[in-house]
Amino acid sequence: MLISDYDQVTALWGNTESMSLRGADSEENITLYLKKNPGLSFVVEKQGLLVGAVLAGTDGRRGYLQHLAVNAASRGEGLGKQLVNAVIDGLAKQGIAKTHLFVHADNKAAQTFYESMGWFARDEVRMFSFNSSSELNV
Ligand SMILES: CC(C)(COP(=O)(O)OP(=O)(O)OC[C@H]1O[C@@H](n2cnc3c(N)ncnc32)[C@H](O)[C@@H]1OP(=O)(O)O)[C@@H](O)C(=O)NCCC(=O)NCCS
């Protein structure tokens, strides 16, 4: 993924069910994210049209996969799997073997998709967040 993909990527994310764009997804933030995590985020194009994207990075210890989306008309063609595998390969090249992702508890389709690729749910873990801003949509 290049920052020049930003408009098409955010259009895809914005049109994807179970995905909401936040302030954290601003062009400025994604620019920094891609700079900090080169070679880990990917897009997939069909006939010049962007139909899939994934954002991924590492803190140097674990990998984090976020915002995986394939547009509705292109699902079931193996593109989601290719995007996830590209992330795993990129992280492995940097010596990162374990990767985490967050999926909404209601999003059973995505959970089945990840399980089909060997990911496992961490029922013993709960996600906690802290918001230091007065804004909710950060
Ligand atoms: C989840 C998503 C990225 C999958 O993309 P995709 O391109 O359709 O997935 P693939 O075609 O690569 O499927 C890979 C495997 O997962 C399985 N799979 C994919 N979607 C599935 C579903 N809804 N239910 C059950 N299995 C599913 C496929 O059968 C396939 O298995 P196979 O390799 O044995 O054939 C896509 O459905 C999507 O964008 N969903 C909305 C966004 C979302 O929920 N993202 C995850 C947020 S954490």
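Whatever comes next refers back to the structure up there.
Structure report, in brief. Just so you know, these numbers come straight off a predicted model, no measurement behind them. (Residues numbered from 1 in each chain as written. Predicted model: local features only at pLDDT ≥ 70, side-chain atom pairs only at ≥ 80, totals over all residues. Heavy atoms only, no water.)

1. Comments concerning the site of the ligand
Not every one of the 21 residues close to the ligand is listed here, only the nearest: Val70, Gly78, Gly80, Lys81 and Asn107. Between the ligand and Gly80, the relevant distance is 2.8 Å, taken from an oxygen atom to a main-chain nitrogen or oxygen of the residue. Burial of the ligand by the protein chains amounts to 70% of its free accessible area of 910 Å². Elements represented by at least two residues in the shell around the ligand include exactly β3 (63-70), α3 (79-93) and α4 (108-116). Ranked by residue count, the leading element in the shell around the ligand is α4, at six residues. Class assignment of the residues belonging to the shell around the ligand gives a composition of nine nonpolar, eight polar and four charged. (Near = heavy atom within 4 Å. Polar contact = N/O pair within 3.5 Å; in protein donor to acceptor, adjacent residues only side chain to side chain. Areas by Shrake-Rupley, 256 points an atom, 1.4 Å probe, with all protein chains shown as cover. Helix = DSSP H or I, 4+ residues; strand = E, 2+ residues; numbered from the N terminus. Nonpolar A, V, L, I, M, F, W, Y, C, P; charged D, E, K, R; others polar.)

2. A closer look at the packing of aromatic side chains
Tallied over the entire structure, the rule returns two aromatic pairs. Ring centres 5.1 Å apart and planes at 65° place the aromatic pair Phe113 and Tyr114 in the edge-to-face group. Exposure remark for Tyr114: the relative accessible area of 10% places this residue in the buried category. Following the ring pairs from residue to residue traces out a cluster consisting of Phe113, Tyr114 and Trp119. (Phe/Tyr/Trp six-rings, centres within 6.5 Å; stacked < 30°, edge-to-face > 60°. Buried < 20%, exposed > 50% of the residue type's maximum accessible area, 1.4 Å probe, protein only.)

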